Amino acid sequence: MSLCQLRVASSYSLRHGTAPPAALVAAAAARGQPMAALTDRDGVHGAAEHLSACAGAGLDPLLGTDLGLASPEGGRVVLLARGAAGWASVCALVTAAHAGQGPVAITPDQVAHHPQGLVVLLGPDSDVGRLLAQGRPGRAAELLHAWRATGAQVALAPHDHGAPGQRQVARDLLRLGDAERVLVVLTNAVRYPDPAGAPVAWALDRIRAHAPGPFEAGPRVERAHLATGQEMLEVAAGVCAGDQTRARRLLAHTQALATSCVLDPVADLGWGRLHLPDRPGARAELRIRVAEGAARLGLDQGSRASTARERAAHELDIIDRMGLWSYFLTVADAAAAIRARGIRCSARGSAVGSLVVHLLGISAIDPLEHGLLMERFCTPSRPGQPDIDLDVESARRLEAYDAVIASHPGQSAAVSMMETYRARSALRDAGMALSLPAVEVHRLACALPRVRAARIRQTLAELPELRHLQSLDATHVEKLVSLAERLDGLPQHVAMHPCGLVLSDEGMGARMPTQPSRAGYPMVHAD
């Protein structure tokens, strides 16, 4: 039998998950699972990679998130999206969770404002599960009632990874579900594709414990993996005290819930579609501004007027066929807003081959004079969308951001990016996880060039000046390097991309959540 795990953390769950979404999807496909879920902690940065991997593997995707709870009981809650409305609710709640000054967390009241299409999973680490573990079933039932009052669908989602007390809490959740007539499902809280990833997860817990902010490490287990259906049946039998019929029914309910949360990437998420800023009358406005540009530059008369008119008409026809009127006008407005603040701004790349780009004032280069072609930049026969790059003064980059955001009538945000482990940072954090002397680990890390963590061993062997580093004994060095190389490429933290803004329509917040950067700019959960 196959079973979709409903709670899956990838490496985009910073210092928690151990594998990228593509690796998790590949593991799910290898186990014969028809669906794959991704519910990363505190965000949806891995959503695009998950959707692409599912499409490549022929699996149906599920998406959601795993958020902290801002309540006296604390804990975490998993939110699954059902349809477009559910995805919009997930995006709104992730944005709300990042809006406060404290930890990334939400409350049931916030869920009550966005219940549409939302499935709330309450596991052993939820407020309800924690109260059951404390022997307070009455208070747990009260909180369960509060969750049901939000309007979202609520399911109790026990897991049993073999840690002390987990099976009893799982049985208590099952008993509570029976008493309150609430759906109960069974899922692992997945952190790695297979048990071999457990040591990396333990190391990440040690690393996270030394980082700023509140943190509660879970128990050290080896079963928080993408278990097969047969493995989950054995777990279910243990949770159901040997009742095989009840165990199979529990897994059937889990699979039914997963099926109901399968997302259509195109219909539900707008995957692959172009979401341009709303601009009524954009087609006519673009033609007016192109004509005004021709008059301003003297291309509406004289010997080049006929050539310019024919070229502009040809390019406008291409833009019409691609429906990109709003795109060109938005970029033109952005360039004008930047220059209005006295910031130098110029276009570069193949976009300068477009006469329309020149006439709109985006580029100072006349493509007719230099024999440049529009088709290198924009044509229906080329895959992807055209790309107009604007270069601004680096020292005034944030001023340029402010100018563009202030001038844009729709929603806007900066682009986020993931800072990942490389050799030096991986060695330092691996040394921390292994409790090795920080001074000696630092000395070794500083001796390495700036290479990927996966190349530490190779670099140590290739560079003669590194072969005689004897500050740590050979056993410790081997453990350190082995762990550091396994951290290769794992995201460490989210940062604001230095060169990108997203300018969209008013529906952007329903397609992708945002979180504030250190500089205060909202960042979309996508690179």
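None of these values were measured; they are calculated from a predicted model.

(A) Region of the structure containing the overall build of the protein. Each helix and strand in the protein was counted, giving 22 helices and 15 strands. In terms of principal-axis extent, the alpha carbons of the protein reach across some 90 × 65 × 40 Å. Pairs at least 24 apart in sequence give 75% of the contacts found in the protein among residues at least 6 apart. Accessible area for the protein stands at about 23,000 Å²; split by element, carbon and sulfur atoms hold 53% of it. Mean positive and mean negative side-chain charge positions of the protein (53 and 53 charges, respectively) differ by 3 Å.

(B) View of the nonpolar core. The biggest cluster of nonpolar side chains holds 58 residues, and the ones touching the most others in it are Leu 79, Trp 87, Val 120, Leu 122, Val 128 and Trp 147. Those residues in contact with Val 120 that sit more than four places away from it in its chain are Val 77, Val 78, Leu 79, Val 111, Trp 147, Ala 152, Gln 153, Val 154 and Ala 155.

(C) Layout of helix α3 (residues 83-99). With 17 residues, α3 extends 25 Å between its outermost C-alpha atoms, agreeing within 8% with the 24 Å of an ideal straight helix rising 1.5 Å per residue. The complete set of buried residues in α3 reads Gly 83, Gly 86, Trp 87, Ser 89, Val 90, Cys 91, Ala 92, Leu 93, Val 94, Ala 97 and His 98.

(D) Quick look at the pattern of salt bridges. Evaluated as defined, the whole model comprises 28 salt bridges. Between Arg 139 and Glu 142 there is a salt bridge whose closest N-O contact spans 3.0 Å. Placement of the pair is Arg 139 and Glu 142 together in helix α6 (residues 137-148), with a separation of three residues, close to one helical turn. Judged by relative accessible area, Arg 139 falls into the partly exposed class, the value being 31%. In this structure, Arg 304 engages Asp 366 in a salt bridge whose closest nitrogen and oxygen atoms are separated by 2.8 Å. Of this pair, Arg 304 sits in the loop between α12 (282-296) and α13 (305-322) while Asp 366 sits in the loop between α15 (355-359) and α16 (367-370), and the two are 62 residues apart along the sequence. Several salt bridges share partner residues, and in doing so they unite Arg 7, Asp 42, Asp 66, Arg 76 and Asp 125 into one network.

(E) Spotlight on the sheet that holds strand β13 (residues 491-503). With respect to topology, four strands assemble into an open sheet ordered β13-β12-β15-β14, the strand pairing being mixed. Of all strands in the sheet, those bounded by a partner on one side alone are β13 and β14 (514-516). When the angles between neighbouring strand axes are averaged without regard to direction, this sheet yields 45°. Across two bridges, the pairing between strand β12 (residues 412-420) and strand β15 (residues 522-524) is parallel. Bridging from a neighbouring strand, Ala 414 pairs with Met 523 of β15.

(F) Seen up close, the packing of helix α9 (residues 229-239) against helix α10 (residues 244-260). Packing of α9 against α10 brings their axes to within 8 Å, and their N-to-C directions diverge by 125°. In terms of their interaxial angle, α9 and α10 are classed as oblique. Crossing of α9 against α10: the hand is right-handed. Contacts between α9 and α10 involve Gly 229, Met 232, Leu 233, Ala 236 and Ala 237 from the former and Gln 244, Ala 247, Arg 248, Leu 250 and Leu 251 from the latter. Of the residues that constitute the contact of α9 with α10, the class distribution is seven nonpolar, two polar and one charged.

(G) Geometry of unusual backbone geometry. Positive phi outside glycine occurs at Arg 15, with the angle close to 55°. Inspection of the secondary structure puts Arg 15 in the loop between β1 (7-8) and α1 (21-30). One non-glycine residue, Ser 435, adopts positive backbone phi at about 60°. By the secondary structure assignment, Ser 435 is in the loop between α18 (423-433) and α19 (438-447).

(H) Structural detail: helix α21 (residues 474-486). Taking 1.5 Å per residue as the helical rise, α21 with its 13 residues ought to reach 18 Å, and the 18 Å between its terminal C-alpha atoms agrees with that figure. All of the buried residues in α21 are Leu 480, Val 481, Leu 483, Ala 484 and Glu 485. Among the structural elements, α8 (198-209), α18, α19 and α20 (456-462) are those in contact with the buried residues of α21.

(I) Examining the environment of Ser 435 more closely. Judged by relative accessible area, which is 52%, Ser 435 ranks as exposed. Each C-alpha atom, one on Ser 435 and one on Arg 206, is 9.2 Å from the other, the two residues being 229 residues apart in sequence.

(J) Highlighting the pairing of strand β2 (residues 35-41). Of all seven residues in β2, six are buried; the element is thus mostly enclosed. In this view, the connection linking β2 to its parallel neighbour strand β3 (residues 60-69) by way of helix α2 (residues 47-57) has right-handed handedness.

(K) Expanded view of the packing of aromatic side chains. A complete count under the given rule lists three aromatic pairs for this structure. Plain terms: the ring middles of Tyr 327 and Phe 328 are 5.7 Å apart, the flat faces sit at 85° to each other, and that makes the pair edge-to-face. For Tyr 327, a relative accessible area of 17% gives the class buried. Of note, Arg 220 hangs over the ring of Trp 202, and the distance from its end group to the ring centre comes to 4.1 Å.

(L) Broad picture of the packing of helix α14 (residues 325-340) against helix α17 (residues 397-407). Running from N to C, α14 and α17 cross one another at 130°; their axes reach a closest spacing of 8 Å. When the interaxial angle is binned, α14 and α17 end up oblique. Crossing hand, α14 versus α17: right-handed. Contact with α14, carried on its side by Asp 333, Ala 334, Ala 337 and Ile 338, involves Ala 400, Ala 403, Val 404 and Ser 407 of α17 and no other residues of that element. Considering only residue class, the contact of α14 with α17 consists of six nonpolar, one polar and one charged.

(M) Geometry of the environment of Val 524. Among the structural elements, Val 524 can be located in strand β15. For Val 524, a relative accessible area of 5% corresponds to the buried category. Residues Val 524 and Val 169, spaced 355 residues apart in sequence, show a C-alpha to C-alpha distance of 37 Å. Look past the residues within four positions of Val 524 in its chain and what remains in contact with it is Ala 413, Ala 414, Val 415, Ser 416, Val 502, Met 508, Met 512, Pro 513 and Thr 514.

Each value, and the rule that gives it
- Residues numbered from 1 in each chain as written.
- Predicted model: local features only at pLDDT ≥ 70, side-chain atom pairs only at ≥ 80, totals over all residues.
- Heavy atoms only, no water.
- Helix = DSSP H or I, 4+ residues; strand = E, 2+ residues; numbered from the N terminus.
- Contact = heavy atoms within 4.5 Å.
- Areas by Shrake-Rupley, 256 points an atom, 1.4 Å probe, with all protein chains shown as cover.
- Lys, Arg positive; Asp, Glu negative; His and termini not counted.
- Charge placed at Lys NZ, Arg CZ, Asp CG, Glu CD.
- Core = buried A, V, L, I, M, F, W, Y, C linked by side-chain atoms within 4.5 Å.
- Buried < 20%, exposed > 50% of the residue type's maximum accessible area, 1.4 Å probe, protein only.
- Expected span 1.5 Å × (residues − 1).
- Salt bridge = Lys/Arg side-chain N within 4 Å of Asp/Glu carboxyl O.
- Pairing = 2+ DSSP bridges.
- Axes fitted to C-alpha atoms, helices over the stretch in contact; angles between N-to-C directions.
- Parallel < 35°, antiparallel > 145°, perpendicular 65-115°, else oblique.
- Left-handed = near helix turned anticlockwise from the far one by under 90°.
- Nonpolar A, V, L, I, M, F, W, Y, C, P; charged D, E, K, R; others polar.
- Right-handed = clockwise from strand over helix to strand, strands pointing away.
- Phe/Tyr/Trp six-rings, centres within 6.5 Å; stacked < 30°, edge-to-face > 60°.
- Lys NZ or Arg CZ within 6 Å of the ring centre and 35° of its normal.

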